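# Results of the structural survey
Here is how the chains run, residue by residue.
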Amino acid sequence: METKLQKFLDITTDPYSSVRGAKDRLGRKVIGLFPMYIPEEIVHAAGLLPVQMWESNESITWGLSHVLSFNCALVKSVVDDGVKKKLDFIDGMILYDTCMQARTLPFILKRNIDIPYLEIIHITDEVTNPCSRNFQILNLNILKESLEKFTGGKVTSESLKESIKTYNKNRRMLRRIYELRREKPGLLKASELASIVWSSMLMLKEEHNELLEELLPVLEKKQMDPEEGVRVVLSGTNCMVPKIDILVILEDQGMLIVEDDFFVGPRYFANDAKEDVEPIEALADRILTRRPICPTKVDSEVNWGNQIIDMARKNDAQGVVFLLVKYCPPLLVYYPDVKRVIDKADLPELMVELDHEQISLESLKTRAQAFVESIGGK
Amino acid sequence: MMTVNQNEAAKINRLETTKLIGPMVDKHWEDLRLAKSRGQQNVWVAGTFYLLTSSQDIPTHFMAGFASYAAGRRVGHIYFKAAEEDYQLQDSCSYHRCHMGMLGLIRKGLPLPENTWIPLPDFTILSRICKEQAHYLESLDRQFGVPMIALDVPRPYSSEHIERNVPYVEEQLREVAIPSIEKLTGKPYNMDKLKEALVLLKKTALVRNDCIDLMKNVPAPGTIFDMCVSLAPIMYLAGKPGTLEYHESLKAELEDRVAKGIAAIPGEKYRLYWDHIMMWGWLGQLSRKLASYRANIVAARYPYGMHEHAERIDPDRPLWSIADQWAGGVYDLPEMALPVISKWTEEYRLDGLLMLSSPTCRLFNGGQLDIVDEINRKYGVPGIIFEGDMVDPHFYSEAQLDTRLQALFELIDGSRYEKSASIRS
């Protein structure tokens, strides 16, 4: 099992080399997508390699000449990587205004990075607005045409349907892995699981599917000893990859992580795109799907806090750890409402703030240990 | 080297007309505060679609307007403290925290600052010109169950985007906003009243734009602070009695000053551009500080971007007009702002850029560093960025601003010296 897991870890340990290597090997141009909702399937069907942009693990330096320090880690990091030419293997980017900070990335990147292709599309947050669907379809068609112009090829309905099938297959297998973790807590460490999902965002989906097909039977068969640790669920992070060292610390302090609602998790692989309808419409409908809750989407009928409580109850969790990305506007506004609801339900919660420059891990260890002890651990 | 002693008494020729705005604004917020006791509904708006309900004689709250009002009335700190005690995080939008603090006090039944509060709304209208403002009304829905009308207003990165976005926004106004307002008020929507309000807004905004044009005169007859406090008549007071008269009076006073050569800042030495929303809590302090250097801010994308193209308003196409004014314009995105700031650098004969960067308001921050760089490269006009906030004192350091202002003026002086030296040689 370790060998099979290592293949995923190899991809995420150094995403720059992994993506560059895949590009050279596959002969596909690489398109970076700003997370979270640009449909990768359209880029894939255009014969390109879509990857979700990631946060580097280097200090932000040159980028601060172009982006102010009080932006989120991902925005700062993408700009910093760009001006340092660490992204020179990326042939294009597709951006949208996930938030107020991501909204201004196109200007900064266009002005400072030599990038052959940069497209800006609109992804609606108004998932309950009856006018949104047609406009979303219009925007996805514009993206398709723009990619056709870039590649000189045609994105046919058939190729899109094939891509949707490939992506649905990937989503189904990732969902199964999450189910297995629920069935057999401790089957995978949170950091391993994050690596499995994150690698899907960095690889050609067909290749990731092959890795999952190798791994899944091993996970299905694996017998688990009785679980140990205080059961907790994780939430937050918005569009960022959860920091691996933080996940490791949480588990080292005695937490048994049984579920999460991360973007590098269920929000990435939830909801298949329909395979029996016009593909662009299917992809628009997937964007407009209201679950799982995302703090960037408008949905008056649900409260994220209640979803977290449900997630904890269903998984028999004793507490929740919320990873709050510093300077993330959607989280900054939503978190107080989440906290109010969680407190009212007497669900113990530990909030950990994430910034690019790492928080004190020693201090986190102490807090995590105290949290575990306070909710019944040893 | 600085030639002006900052301790020297600041000389500012204040306008008479701007003294009229206080009572107009006070009445607006009083009408809102008393709406419920008068048996009226009241509506809160995040974004800019206040005309939809204010034209129907429904007291309508404009988020930015109330936060700046509270800061101006020196009660902001009460609300920020209450917000922190009610789970709010300090890095979130200060306008948001101002409102959440007030609502926290209301929820807990605690005392509110006299005459500077407003009751919970009957419904809200949100758009995503600023996404954080939209999030705040979503929170109102989650916390208090206040119904919201959510509109998607994509920001334009180019004129092509505007062409695409305006029909989409218009469609939402027609298909979502108007039917929802009818449902929530229980009354048919009176489109004629909206048209009337637009007729008055257009006239008022055109006169206001003439006022802005007068700021191109050297010396300028007014200051950016005059222009900012005169914003309400074309924003949340739009279409209300007295708004056109206000701006006609302002224009006449500015024209008179131009004719007589009267400067707002006697001996005007530096003509500056201001970036970002105004620091409402420090209007007096900031204007005196700049005047002590004989510096005058004569241009700014906020507020000049608001209804800059009022001539496009067509009252016979009311929903299209509203969509068109707000789906474009504003210049919040740097792509759209840079060409305008470039144009203004020449038209207003700018000497420098003064860029407020607010850690809690992300509407105008993005790209500021590159804008400063571009204007400096293209026109030799330097700029500085300083941290502050519209209303929250926690994020403003006067010492930092002083240091940066001195640096800016030294850069400008140095550049002038070099130019004169090259002419002499």
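Residues numbered from 1 in each chain as written. Chains lettered and ligands numbered in written order. Predicted model: local features only at pLDDT ≥ 70, side-chain atom pairs only at ≥ 80, totals over all residues. Heavy atoms only, no water.

## Quick notes on the overall build of chain B
- A tally of helices and strands in chain B yields 16 helices and eight strands.
- For 425 residues, the compact-globule formula gives about 22 Å, and the C-alpha radius of gyration of chain B, at 21 Å, lands near that figure.
- C-alpha atoms of chain B, sized along the principal axes, occupy 75 × 50 × 40 Å.
- Sorting the 425 residues of chain B into buried and exposed places 63% on the buried side.
- Sequence separation of 24 or more characterises 78% of the internal contacts of chain B that already satisfy a separation of 6 or more.
- Across chain B, the 48 positively charged side chains and the 55 negatively charged ones have centroids separated by 3 Å. (Helix = DSSP H or I, 4+ residues; strand = E, 2+ residues; numbered from the N terminus. Rg over C-alpha atoms; globule rule 2.2 N^0.38 Å. Buried < 20%, exposed > 50% of the residue type's maximum accessible area, 1.4 Å probe, protein only. Contact = heavy atoms within 4.5 Å. Lys, Arg positive; Asp, Glu negative; His and termini not counted. Charge placed at Lys NZ, Arg CZ, Asp CG, Glu CD.)

## Thoughts on unusual backbone geometry
Residues and elements named next belong to chain B.
- Note that the residue after Val 218, namely Pro 219, is joined by a cis bond; omega there is -5 degrees.
- Inspection of the secondary structure assignment puts Pro 219 in the loop between helix H8 (191-214) and helix H9 (224-229).
- Cis geometry is adopted by the peptide bond preceding Pro 303, which originates at Tyr 302 and carries an omega value of 20 degrees.
- With respect to the helices, strands and loops of the structure, Pro 303 is situated in helix H12 (residues 301-304).
- A positive phi angle is found at His 276, which is not glycine, with a value near 95 degrees.
- Looking at where His 276 falls in the secondary structure, it is placed in the loop between strand S5 (270-275) and helix H11 (283-292).
- Given a relative accessible area of 0%, His 276 falls into the buried group.

## Let's talk about the environment of Asn 209 of chain B
Residues and elements named next belong to chain B.
- Its place among the elements puts Asn 209 in helix H8.
- A C-alpha to C-alpha distance of 10.0 Å links Asn 209 and Gly 305, two positions 96 residues apart in sequence.
- Excluding residues within four positions of it along the chain, Asn 209 makes contact with His 307, Glu 308 and Ala 310.

## Focus on the packing of helix H14 (residues 329-344) of chain A against helix H6 (residues 131-144) of chain B
- Two elements in contact, H14 of chain A and H6 of chain B, have axes separated by 9 Å at closest approach and are oriented at 10 degrees. Classified by the interaxial angle, the pair formed by H14 of chain A and H6 of chain B is roughly parallel. Contacts between H14 of chain A and H6 of chain B pair Pro 329, Pro 330, Val 333, Tyr 334, Asp 337 and Arg 340 of chain A from the former with Glu 132, His 135, Tyr 136, Ser 139, Arg 142 and Gln 143 of chain B from the latter.
- Taken together, the residues of the contact of H14 of chain A with H6 of chain B break down into five nonpolar, three polar and four charged. (Axes fitted to C-alpha atoms, helices over the stretch in contact; angles between N-to-C directions. Parallel < 35°, antiparallel > 145°, perpendicular 65-115°, else oblique. Nonpolar A, V, L, I, M, F, W, Y, C, P; charged D, E, K, R; others polar.)

## Concerning the sheet that holds strand S6 (residues 295-300) of chain B
All names here are of chain B.
- Taken in spatial order, the four strands of this open sheet run S6-S5-S7-S8, and their pairing is parallel. The sheet is open, and its two borders are formed by S6 and strand S8 (383-387), each paired with just one other strand. Direction aside, the axes of adjacent strands within the sheet are offset by 30 degrees on average.
- With four bridges connecting them, S5 and strand S7 (residues 352-357) associate as parallel partners. The partner of Leu 272 across the bridge, within S7, is Gly 352.
- This element, helix H15 (residues 368-379), spans S5, S7 and S8 of the sheet and lies at about 175 degrees to S7.
- Its contacts with the sheet place helix H16 (residues 398-424) against S5, S6, S7 and S8, and it is angled at close to 180 degrees to S8. (Pairing = 2+ DSSP bridges.)

## A few points about the interface of chain A and chain B
- Taken together, the 54 residues of chain A in the interface contact 58 residues of chain B.
- With both sides pooled, the region where chain A packs onto chain B buries about 4600 Å², and carbon together with sulfur makes up 60% of that total.
- For the chain A face of the interface with chain B, the top three residues by lost area are Met 100, Arg 103 and Phe 107 of chain A, together amounting to 15%.
- For the pair chain A and chain B, the number of links is 11 salt bridges.
- Among the salt bridges present, the one from Asp 91 of chain B reaches Lys 326 of chain A, with a minimum N-O distance of 2.9 Å.
- Linking chain A to chain B there are 24 residue pairs in polar contact (both at pLDDT 80 or more).
- Those elements that place two or more of their residues in the side of chain A that touches chain B are helix H5 (105-112), helix H6 (132-151), H14 and strand S8 (349-354) of chain A.
- At 11 residues, the largest contribution of residues to the side of chain A that touches chain B is made by H14 of chain A. (Buried area = accessible area lost by both parts, 1.4 Å probe. Salt bridge = Lys/Arg side-chain N within 4 Å of Asp/Glu carboxyl O. Polar contact = N/O pair within 3.5 Å; in protein donor to acceptor, adjacent residues only side chain to side chain.)

## Quick look at helix H10 (residues 243-260) of chain B
All names here are of chain B.
- Here H10 spans 26 Å end to end across 18 residues, near enough to the 26 Å set by a 1.5 Å rise per residue.
- Those residues of H10 lying buried are Thr 243, Leu 244, Tyr 246, His 247, Leu 250, Glu 253, Leu 254 and Arg 257.
- Turning to H10, the residues buried within the fold contact helix H1 (21-34), H8 and H9.
- Gly 261 lies just past H10 and shows a positive phi near 70 degrees. (Expected span 1.5 Å × (residues − 1).)

## Some thoughts on the pattern of salt bridges
- Tallying each qualifying case throughout the model produces 72 salt bridges over all chains.
- Put simply, Asp 285 of chain A and Arg 133 of chain A hold a salt bridge, and the shortest N to O gap is 2.6 Å. Taken together, the residues Asp 285 of chain A in helix H12 (residues 279-287) and Arg 133 of chain A in helix H6 connect sequence positions 152 residues apart.
- In this structure Arg 133 of chain A comes out as partly exposed when scored by relative accessible area, which is 30%.
- The partner of Arg 174 of chain B in a salt bridge is Glu 175 of chain B, and the shortest N-O contact between them spans 3.2 Å.
- A residue is classified by how much of its surface remains accessible, and Arg 174 of chain B, at 41% relative accessible area, is partly exposed.

## Notes on the packing of helix H5 (residues 94-108) of chain B against H6 of chain B
Residue and element names in this part refer to chain B.
- Viewed as axis vectors pointing N to C, H5 and H6 meet at an angle of 15 degrees, and their least axial separation amounts to 10 Å. On the basis of the axis angle, H5 is roughly parallel to H6. The two elements H5 and H6 meet at a crossing, and its hand is right-handed. On H6, the residues touching Tyr 95, His 96, His 99, Met 100, Leu 103 and Arg 107 of H5 are Gln 133, Tyr 136, Ser 139, Leu 140, Gln 143 and Phe 144.
- For the contact of H5 with H6, the class distribution of residues is six nonpolar, five polar and one charged. (Left-handed = near helix turned anticlockwise from the far one by under 90°.)

## Some points on the side chain of Lys 339 of chain A
- Here Lys 339 of chain A lies in helix H14.
- A distance of 3.0 Å separates a polar atom in the side chain of Lys 339 of chain A from a polar atom in the side chain of Glu 349 of chain A.
- With residues up to four places along the chain from it excluded, the contact list for Lys 339 of chain A reads Glu 349 of chain A together with Tyr 87 of chain B.

## A look at the environment of Lys 365 of chain A
Residue and element names in this part refer to chain A.
- Among the secondary structure elements, Lys 365 is positioned in helix H15 (residues 361-374).
- Each C-alpha atom, one on Lys 365 and one on Ile 177, is 28 Å from the other, the two residues being 188 residues apart in sequence.
- Those residues in contact with Lys 365 that sit more than four places away from it in its chain are Ile 249 and Gln 253.

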